[in-house]
Amino acid sequence: MVDSLGVAVIGFGWMGRVHTQAYARVRHHYPRLPLRPELVTVAEEVPGRAEEAAEQFGFASATRDWREVAADPRVRAVSITAPNFLHREIGVAMAEAGKHIWIEKPVGLTAGDARAVADAVAKAAVRGAVGFNYRNAPAVEAARDLIASGGIGTVTHVRVRLFSDYAAHPESALTWRYERERGGSGVLGDLASHGVDLARYLIGDIASLTADTAVFVPERARPAGATAGHSRATGGELGPVENEDYVSCLLRFVSGARGVLEACRVSVGEQNNYGFEVHGTSGAVFWDFRRMNELGVSRGDRYQDQPVSTVHVGPGDGEFAAFQPGAANAMGYDDLKVIEAARFLRSIAEGEPYGATLDDAVRGAEALDAMVRSAQNGSWVDVRMP
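Residues numbered from 1 in each chain as written. Predicted model: local features only at pLDDT ≥ 70, side-chain atom pairs only at ≥ 80, totals over all residues. Heavy atoms only, no water.

1. Some thoughts on helix H2 (residues 49-57)
Taken together, the buried positions of H2 are Arg49, Ala50, Ala53 and Ala54. Buried positions in H2, seen along its axis, are confined to an arc of 140° and lie on one side of it. Residues Glu52, Glu55 and Gln56 are exposed on H2 and point more than 90 degrees away from its buried face. Structurally, H2 contributes buried residues whose contacts are with strand S2 (35-43) and strand S3 (61-63). Just downstream of H2, Gly58 is the residue with a positive phi angle, here 90°. (Buried < 20%, exposed > 50% of the residue type's maximum accessible area, 1.4 Å probe, protein only. Helix = DSSP H or I, 4+ residues; strand = E, 2+ residues; numbered from the N terminus. Arc of directions from axis to C-beta. Contact = heavy atoms within 4.5 Å.)

2. Overview of unusual backbone geometry
Here Lys105 and Pro106 are connected by a cis peptide whose omega angle stands at 5°. On the secondary structure map, Pro106 appears in the loop between strand S5 (100-103) and helix H5 (111-124). Within the chain, Asn272 stands out as a residue other than glycine whose phi angle is a positive 55°. The residue Asn272 is located in the loop between strand S12 (258-264) and strand S13 (273-280) in this model. Of the residues examined, Asn272 reaches a relative accessible area of 34% and is grouped as partly exposed.

3. Regarding empty space enclosed by the protein
For the coordinates displayed, the defined rule picks out 4 cavities of 30 Å³ or more. What lines the largest cavity is a set of 13 residues, and nearest its centre among them are Pro106, Gly108, Leu109, Ser185 and Gly189. Top element by residues in the lining of the largest cavity is helix H10 (residues 358-377). It accounts for 3 residues. Across the lining of the largest cavity, the residue classes tally to 4 nonpolar, 8 polar and 1 charged. One number sums up the size of the second largest cavity: a volume of about 60 Å³. Broken down by element, the residue count for the lining of the second largest cavity peaks at 3 residues, all from helix H9 (residues 333-350). Here the residues of the lining of the second largest cavity sort into 6 nonpolar, 2 polar and 3 charged. (1 Å grid on protein atoms, 1.4 Å probe; cavity = no way out; pocket = protein on both sides within 12 Å on 5 of 7 lines; lining within 4 Å. Points joined across faces, edges and corners; volume = space filled by probe spheres on them. Nonpolar A, V, L, I, M, F, W, Y, C, P; charged D, E, K, R; others polar.)

4. Brief notes about the layout of surface pockets
Leftover empty space is mapped by rolling, across the atoms, a probe with the size of a water molecule. Each pocket or cavity is described by its volume, and for the second largest pocket that value is around 210 Å³. Put simply, the parts of the chain that give the lining of the second largest pocket at least two residues each are H5 and H10. Considering every element that reaches the lining of the second largest pocket, the biggest residue donor is H5, with 3 residues. Taken together, the residues of the lining of the second largest pocket break down into 9 nonpolar, 4 polar and 2 charged.

5. Observations regarding the sheet that holds S5
An order of S3-S2-S1-S4-S5-S6 is seen for the 6 strands of this open sheet, with the pairing classed as parallel. Edge positions in the sheet fall to S3 and strand S6 (128-130), since each of these pairs with one other strand and no more. The mean inter-strand angle of the sheet, taken between neighbouring strand axes irrespective of direction, is 25°. As paired strands, strand S1 (residues 3-10) and strand S4 (residues 77-80) are joined by 4 bridges and run parallel to one another. Its bridge partner lying in S4, Val7 is registered against Ala77. Its contacts with the sheet put helix H1 (residues 14-29) on S1, S2, S4 and S5, and the angle it makes with S2 is roughly 155°. Across the sheet, H9 is in contact with S1, S2, S4, S5 and S6; its angle to S5 comes to roughly 160°. (Pairing = 2+ DSSP bridges. Axes fitted to C-alpha atoms, helices over the stretch in contact; angles between N-to-C directions.)

6. Overview of the packing of aromatic side chains
Using the criterion set out here, one finds 15 aromatic pairs in the structure. When the centroid spacing of 6.2 Å and the interplanar angle of 80° are considered together, the rings of Tyr30 and Phe323 count as edge-to-face. Of this pair, Tyr30 sits in the loop between H1 and S2 while Phe323 sits in the loop between strand S16 (309-312) and H9; the two residues are 293 residues apart in sequence, bridging distant segments of the chain. Side by side, Tyr30 and Phe323 carry an identical accessibility label, which is buried. One aromatic cluster in this structure is built from Trp14, Tyr134, Tyr274, Phe276, Trp287, Phe289 and Tyr333. (Phe/Tyr/Trp six-rings, centres within 6.5 Å; stacked < 30°, edge-to-face > 60°.)

7. Things to note about the packing of helix H8 (residues 187-203) against H10
Between H8 and H10, the least distance of the axes is 9 Å, while the angle of their chain directions is 120°. Taken together, the axes of H8 and H10 lie oblique to each other. Viewed along their axes, H8 and H10 form a crossing whose handedness is right-handed. Along the contact surface, H8 presents Leu188, Gly189, Ala192, Ser193, Val196, Asp197 and Arg200, while H10 presents Asp360, Arg363, Gly364, Ala367, Leu368, Met371 and Val372. (Parallel < 35°, antiparallel > 145°, perpendicular 65-115°, else oblique. Left-handed = near helix turned anticlockwise from the far one by under 90°.)

The values reported here are purely geometric and, on their own, carry no functional implication.
Below, the structure is given as structure tokens:
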């Protein structure tokens, strides 16, 4: 017998839509899941947006006040896809109300915010999942297995890149994303948080780092009304961009490996250029999100002039078999969120963590905070470890 699980979505921008679609699709791909998500309510403060979401996706109710979700006995699990500055308040409130939470990264603005949500989840004995979606790609999981098995020898160094142009246009509206108080550390929380998670997922914990940051578009126009995504605003009053457009970082891992992480939100000519290169003593593995279902793999005993092969992931790699029957059939971004939804539901049903957890969010946020400290003082800093 399959139990129903009442779910709510708080915040209905693009990511709220992606979570909702993942709930709708999850049992199509995972028919043996012991829980069936039911869309109970959607909360969004922008007038009319929640009602539109309810009509389109079939939520039973809609509200502008997320606090009503905490008090709703029909809701047992909540997706938190509101702006970053609300993550701590909403996450703690939902956990205290006994709701399981699936929360988007970076789980607040600081490691303190992430830790507060993690502590509330642990105290309430509910499950928590975090939206580090790129680790769910079957190719990334295959790369992790290859590395862990010693397939490329001992890891020596890694490079992680996250370049995008979503904020490159000088007419992009000055939304909350560009304010320190509401958007936190800019590209660090937005893109570098994914980079830190990939680095930790593949190589292990980061011991210390040194970072440099910059703002390349120092002013933007204030929007006249509600915005969605990365809207443009022309003719409005100009205001300062308070947080980072760019970060570069040198990493030292606990294992002894070295790394480079670079992220930028204003890279003209780059659209979602996310990926990594991991080098070991006898091989290497390469991944590019834009070719999500492929790996470049070099392994053997030649060392010098050793070739790189393109490997198409297939059934047997991560969760690929839940979506496609054979190698080289493409998966897409939204599929990664379906995997995330399935792991969240499985963790609720079985009482065990599956996928990225709030502990991962805390560890990642500690690294981001260390980057901020390093950029301020120009030195190597330790990443706090428990």
